[in-house]
Amino acid sequence: MYTTTVTQYEEKKEADRTLEKDVEPLPVPRERTPASQPIIWRNVIGIIVLHFLAVYGFVSGYRDAKFWTWIWNIAYGLTTGFGVTAGAHRLWAHKSYSAKIPLRIFLACLYCMAGQTRFYNWIRDHRTHHKYTETPADPHDATRGFFFSHIGWLMVKRHPAVKEYGSKVDMSDIVADPVLRFFDRYYEVIMVSLCFVLPILLPMLVWNETLFISVHAAFIRYVWSLHATFVVNSFAHMWGNRPYNRQVSTRGSHAGRVKPTENPTVSFFALGEGWHNYHHSFPWDYKAAELGAYGLNATTAFIELMALVGLAYNLKTPSKELVDRTTMKKGDGTNSLWGNHRH
Ligand SMILES: [Zn+2]
Ligand SMILES: [Zn+2]
C-alpha cells in the first residue's frame, strides 16, 4: 500500500521554517521602486498570435472537428498537465516525493508535451517564487496586479532582483539529475515533437482529421494548458481563503488582498494545485493540500497510484499536529476545503 511509503516529514528545521517564514527579514527591500523592465516584443507578438490562432481555430473549426479529435486533445492536455504538476512541480522543484527512473522519464516526457520551458528555468523560477513570494525578486509578483502575475511577467525583461536572487537559488540537485540533463539538452527537438508534431499528425493519420483542424486543435490545447498553469500564479494569489497563513501583503497596488489562497476553481483546472495557501505553508507536502479530495486534486491521486505500483516512494507530508499548530497560530479561521470556520 502507498501508505507504507508516506513519511511524516517532521524535520525540526523545516517545521520551524514553516512557522517562522514570514517573520524572517526578507533579503529583498520590500519597497524597492520598480526597475525599468523593457518589453520583449517577440514574446508579446508570439503570445498574441498564439491566442489569435487558438480563438480563430475554435470559432472556425469546432463544428467540423471529428469526435476523436476532441477526445484526443482533451486527454492529451490533461496528461501533459501531470508532467507539470506531478513532475516539474511536486517531484523536482519541491522534492516532495521520490520517483524511480521509469517514472522520472515518463514525467519528463509529459512535461515536454506541455511545452512550457526547459526544466532548469521552470524550477529555478518556481523556487525563487517560493523563497521571495510577493517581493520584487518574485518572478510573477502578484502585488503588481492580475495581468502581470498571470502572463505579463513573460512579456518583459526580468526585474534585476529576480535575476540577482534567482541566481542564488540552489539548483545543484537539478544539474546533477541525468534525466533532467538529457531532456534539457535536447529540449527543443523533444518539445516540438511531443507538444506539436505528434498531436497534430496522429489525428490525421489515424482518423483522417484535416490538417487545418488538427493544427488549430493543438494550439487550442496548448493555450488552454498554459492558462491552467498561469491561474495558480494569479487567481490563487488573490481570491480565496487563507486557513494556514492569513497575513496579506502590504506592498503594491493590490496590497491587502494578495497572498496565496485556497481556490477550488484553480484546483479543478490545475489538477489540484489551487490549494495554494497550504502549499506555500508546506511546500514539501506531496499532496500540495491538507485534505485529499481526489476530485479536486488529481495530481495527488496520480502520485498515490504511482506509489501503489512501486514507482513513487518517500512521499512527504506533515503531521496533523504541525498543520493544526500552523492553522491556529497563523490561519484566518476558515477550513481549507469548505470555507467553514475551523476554530
Ligand atoms: Zn505561489
Ligand atoms: Zn510550489
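About the cut-offs
- Residues numbered from 1 in each chain as written.
- Chains lettered and ligands numbered in written order.
- Predicted model: local features only at pLDDT ≥ 70, side-chain atom pairs only at ≥ 80, totals over all residues.
- Heavy atoms only, no water.
- UniProt positions renumbered as here; feature names shortened; annotations may be inferred.
- Helix = DSSP H or I, 4+ residues; strand = E, 2+ residues; numbered from the N terminus.
- Donors = N, O, S within 2.8 Å, 3.2 Å for Na, K, Ca; no water.
- Tetrahedral: all angles 85-135°; square planar, octahedral: opposite > 155°, others 65-115°.
- Buried < 20%, exposed > 50% of the residue type's maximum accessible area, 1.4 Å probe, protein only.
- Expected span 1.5 Å × (residues − 1).
- Contact = heavy atoms within 4.5 Å.

**A short note on the UniProt feature "transmembrane region" (unreviewed entry) in the protein**
Thinking step 1. Taken from the UniProt record, the annotation "transmembrane region" (unreviewed entry) applies to residues 39-58, 70-93, 105-123, 186-207, 219-239 and 291-315.
Thinking step 2. Along residues 39-58 one finds 90% helix and 0% strand; the C-alpha atoms at either end are 29 Å apart.
Thinking step 3. The span residues 70-93 is 100% helical and 0% strand by assignment, and the distance between its end C-alpha atoms comes to 32 Å.

**Comments concerning the coordination of the zinc ion (ligand 1)**
Thinking step 1. Coordination of the zinc ion (ligand 1) by the protein comes from His129 (NE2), His237 (NE2), His276 (NE2) and His280 (NE2), over a distance range of 2.1 to 2.2 Å.
Thinking step 2. Given 4 donor atoms and angles of 94 to 156° at the metal, the environment of the zinc ion (ligand 1) is assigned as irregular.
Thinking step 3. Within one chain, the residues serving as donors to the zinc ion (ligand 1) are arranged as H-x107-H-x38-H-x3-H. Note that histidine 129 is positioned in helix H5 (residues 119-131) and histidine 280 in helix H13 (residues 276-281), a separation of 151 residues in sequence. Across this residue pair, the class does not change: histidine 129 and histidine 280 are buried.

**Focus on the coordination of the zinc ion (ligand 2)**
Thinking step 1. Around the zinc ion (ligand 2), the protein supplies His89 (NE2), His94 (NE2), His126 (NE2), His130 (NE2) and His279 (NE2) as donor atoms, at distances of 2.0 to 2.2 Å.
Thinking step 2. Positions of the donor residues of the zinc ion (ligand 2), expressed as sequence spacing, correspond to H-x4-H-x31-H-x3-H-x148-H. Within this pair, histidine 126 and its partner histidine 130 are both found in helix H5, separated by 4 residues, close to a single helical turn. Just as histidine 126 is buried, histidine 130 falls in that class too.

**So, helix H2 (residues 41-61)**
Thinking step 1. Under the 1.5 Å per step criterion, the end-to-end length of H2 is 29 Å for 21 residues, consistent within 8% with the ideal 30 Å.
Thinking step 2. Regarding H2, the residues found buried are Val44, Ile47, Leu50, Ala54, Gly57 and Gly61.
Thinking step 3. Looking at the buried residues of H2, the elements they touch are helix H11 (211-233).

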